[in-house]
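What follows is each chain in one-letter form.
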Amino acid sequence: MGGLRFYNTMTRSLESFEPLEQDHVRMYTCGPTVYNYVHIGNLRTFIFEDILRRTLQLFGYRVTQVMNLTDVDDKTIRDANAARIPLRELTDRYIEAFFEDIDTLRIQRAEHYPRATEYIPQMVELIKRLEAHGHTYRSGGSVYYSIATFPEYGKLSGVRLDKNIAGARVETDEYDKEDARDFVLWKAPKPGEPSWETELGPGRPGWHIECSAMSMSLLGETFDIHTGAVDNIFPHHENEIAQSQGATGQPFVRTWLHAEHLIVEGEKMAKSKGNFFTLRDLIARGYDPVAIRYLLLSVPYRQKLNFTFDGLHAAQQATERLANTLRRIETTPPAEEGSGCLSIDAIEAFRAAFRAGLADDLNTARALAALHTLLRQVNTALDHGGISGDVRTSLSHALNEADSVLDILPAHAGALPDEEATRIEALIEQRSTARQNRDFATADAIRDQLAREGIVLEDTPNGTLWKRKRQNPPEEK
RNA sequence: GGCGACGUGGCCAAGUGGUAAGGCAGGGGCCUGCAAAGCCCUCAUCCGGCGGUUCGAAUCCGCCCGUCGCCUCCA
């Protein structure tokens, strides 16, 4: 175990990772605000968190991951009101859609998905602790955090609020803050907004408090890793630190990891630019979820990821090639040990390179390069000496290990002799007979017919294989 | 105005002092009845530009040009 290195936003440096508990990592990953379908930018971050989680597991750690679901905020309230439905109905709908989407992308489930509205008592409790420590003030029925009482404020982001007021947009303050830099912990009730009766008075929570309350409730006052996208660094995570450490006096988080943004065709993704995509949009255009996953994980998380349809096409080709090679391995009988065979050394070199890539701050590009190199060696061996039974077992283990993190190889579907497959195989049988009789016209007619149905044939020394061709997405502009 | 990231072949991208991984696309060849799949060869004398440090830099320093992001609720 061990050997992992992560770039900690707090220290702005690469650090060796050691969890507080020897074999156990506790991490909090900022989740979605459930007022709409998640977009591919959100998913890039979730996939980074998935790779993080799986890498920790690969390196022997038990992981407890919490991902919050923000189900009360300005936008959820706005959209529920617009649709004239209860807030809960709106958020239930998009929570369900969220789980569908992460399943589609093979993102592993976290251990906990707390909803903000179910942690109101914990938030109130936390705010009371902050009050007891003198970090807050009340005004107009709201409770505010006084930045001036927390000297470390700004340490994570490097933002110095006193220095960048000029030029920044000046917010017209809807509430009554003493200082423009302060932020709200508890919002006074407003007409048309949900409100909770609490010891703080009626109202609803501010955005930042939920993450402090839920993370500490489920993971303890100090835990190992906190993640999100770069836009969360300021003010969200900065405020979380102020809230948590202001209340407990203990360090909040040991390692902060932040994913860079995804941009589209070189530009920030925005609904107004028409370059805004949800997972559902891409699936509807015929793209394969595994290709989308591949693309989103292929660029290391601290790099901006430029999402393009060319890139998605390339990802689709790459995943198809991986699948083809895997199929070759499975359908080729073991060879005798000999020259031209795949060596155990090649597999061990791959395992080392793959793990080294991930250990280096989740360098997925390096890990993928190692995988591609191995699979080329596999194909070369298959074309020449072959793969012996023993080597094949090791290969299989190594590939499973890699895919336990990447999850981009096709699932072993097993033999499923449904009617469709039976019919196709009967046609292939007819074609084989025709080929044996050198009746290529008939053979090709059968192949063409199947091709029109989206079935691709491959004649190999071990018989004719078939696969379903992925529907070719329409050309993008 | 403040803070920050980045600029490597047609596209994506690794590499942070020792002489350019990997993928996609392209070209040539092999295999095949023809395909498909796969393999082999090929594809950056060069890493935004100009200086500097060094025996040696894509990698360190300075300046310039360019792109992108954050600056109170956007992952």
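Once a new chain begins, its residue numbering starts again from 1 and follows that chain's sequence as written. Just so you know, chain letters begin at A and ligand numbers begin at 1, following the order they were written in. Predicted model: local features are reported for residues with pLDDT of at least 70 only, side-chain atom pairs are reported and counted for 80 or more only, and whole-chain, interface and lining totals are derived from all residues. Values shown for side chains rest on all heavy atoms present in the structure; no hydrogens or waters enter the calculation.

Caption draft 1: Spotlight on the overall build of chain A. Numbering goes from the N terminus for both helices and strands, where a helix is a DSSP run of H or I of at least four residues and a strand is a run of E of at least two. Along chain A, the regular secondary structure elements total 14 helices and 15 strands. Taking the principal axes of the C-alpha coordinates as reference, chain A spans close to 90 × 50 × 40 Å. Relative to its full complement of 477 residues, chain A shows a buried share of 52%. Residue contacts are defined here by distance: any two heavy atoms, one from each residue, within 4.5 Å place the two residues in contact. Of all intrachain contacts in chain A linking residues separated by at least 6 positions in sequence, the fraction that spans at least 24 positions is 77%. Accessible surface for chain A amounts to roughly 22300 Å². Of this, 49% is attributable to carbon and sulfur atoms. Treating the 55 positive side-chain charges of chain A as one cloud and the 70 negative ones as another, the clouds have centres 3 Å apart. With a 1.4 Å probe rolled over the protein chains alone, any residue whose accessible area is under 20% of its type maximum counts as buried; one over 50% counts as exposed, and the rest are partly exposed. Exposure was quantified through the Shrake-Rupley algorithm and a 1.4 Å probe, taking into account, for residues, occlusion by the shown protein chains and nothing else. Positive charges are assigned to Lys and Arg, negative charges to Asp and Glu, while His and the chain termini are left out of the count. Charge positions come from single atoms, namely NZ of Lys, CZ of Arg, CG of Asp or CD of Glu.

Caption draft 2: Local environment of the protein's contact with RNA strand B. Neighbouring RNA strand B are 56 residues, the closest being K75, A229, K268, D444 and R447. Backbone atoms, meaning sugar plus phosphate, form 62% of the atoms of RNA strand B positioned within 4 Å of the protein. Take T380: an N or O atom from its side chain is 3.0 Å from a sugar or linking oxygen of RNA strand B. Residue contributions to the surface near RNA strand B peak at nine residues, all from helix α11 (residues 364-383). Looking at side-chain class alone, the surface near RNA strand B contains 17 nonpolar, 18 polar and 21 charged residues. The rule for a residue being near a molecule or strand is that one of its heavy atoms must lie within 4 Å of it. In protein, a polar contact means a hydrogen-donor-capable atom and an acceptor-capable atom, both N or O and within 3.5 Å, with residues adjacent in sequence counting only if both atoms are side-chain atoms; elsewhere, any N or O pair within 3.5 Å suffices. Polar here means any residue other than Ala, Val, Leu, Ile, Met, Phe, Trp, Tyr, Cys and Pro, which are nonpolar, and Asp, Glu, Lys and Arg, which are charged; Gly is therefore polar.

Caption draft 3: Broad picture of the pattern of salt bridges. Salt bridge criterion: a side-chain nitrogen from Lys or Arg within 4 Å of a carboxyl oxygen from Asp or Glu. Counting across every chain of the model gives 37 salt bridges. The shortest N-O distance in the salt bridge between R366 and D360 comes to 3.0 Å. Here E453 ties to R423 by a salt bridge, and the two come within 2.7 Å at their closest N and O atoms. Residue E453 is located in the loop between α14 (440-452) and β14 (455-460), and its partner R423 is located in helix α13 (residues 419-436); the two are separated by 30 residues in the primary sequence. Given the relative accessible area of 34%, E453 is considered partly exposed. If you follow the salt bridges from partner to partner, you end up with D50, R54, R106, R293 and D407 in one network.

Caption draft 4: The sheet that holds strand β13 (residues 305-307), seen in detail. Reading across the sheet, the three strands line up as β12-β11-β13 and stay open at both edges, with mixed pairing between neighbours. What marks the edges here is a single partner per strand, and that holds for β12 (267-268) and β13. Any two strands with at least two DSSP-identified bridges between them are counted as paired. Sheet analysis places strand β11 (residues 262-264) next to β13, joined by three bridges and oriented parallel. Bridging across to β13, I263 finds its partner in N306.

Caption draft 5: Structural view of the packing of helix α10 (residues 344-359) against helix α12 (residues 389-406). What counts as an axis is a line fitted to C-alpha atoms, over the stretch in contact for a helix, and the angles between N-to-C directions run from 0 to 180 degrees. One can describe the packing of α10 onto α12 by two numbers: an axis separation of 9 Å at closest approach and a directional angle of 10°. When the interaxial angle is binned, α10 and α12 end up roughly parallel. As α10 packs across α12, the resulting crossing turns out to be left-handed. Of the residues in α12, those in contact with I344, I347, F350, R351, F354, R355 and L358 of α10 are V391, S394, L395, A398, E401, A402, V405 and L406. An angle below 35 degrees is treated as roughly parallel, one above 145 as roughly antiparallel, one from 65 to 115 as roughly perpendicular, and anything else as oblique. Whether a crossing is left-handed or right-handed is set by the direction in which the near helix is turned from the far one by less than a right angle, anticlockwise for left-handed and clockwise for right-handed.

Caption draft 6: The state of the cysteines, seen in detail. For the purposes of this analysis, a disulfide is any pair of cysteine sulfur atoms at a distance within 2.5 Å. Scanning the model with the defined rule gives zero disulfides in all. Not engaged in a disulfide, the cysteine C30 finds its nearest cysteine sulfur in C211; these two sulfurs lie 4.2 Å apart. Here C30 falls in the buried class, since its relative accessible area comes to 8%.

Caption draft 7: Fine view of unusual backbone geometry. Look at the link from F234 to P235: it is a cis peptide, with omega at 0°. Notably, D407 is not glycine yet its phi reads approximately 55°, a positive angle. The backbone of R438 shows a phi angle near 55°, a positive value even though the residue is not glycine. Mapped onto the elements of the fold, R438 is located in the loop between α13 and α14.

Caption draft 8: Up close: the sheet that holds strand β6 (residues 142-145). Across the sheet, which stays open at both edges, the four strands sit in the order β5-β6-β7-β8 with antiparallel pairing between neighbours. In the strand order of this sheet, the two ends are held by β5 (136-139) and β8 (204-205), each with one partner. Where β6 and strand β7 (residues 183-187) come together, three bridges link them in antiparallel fashion. For Y144, the partnering residue across the bridge sits in β7 and is V184.

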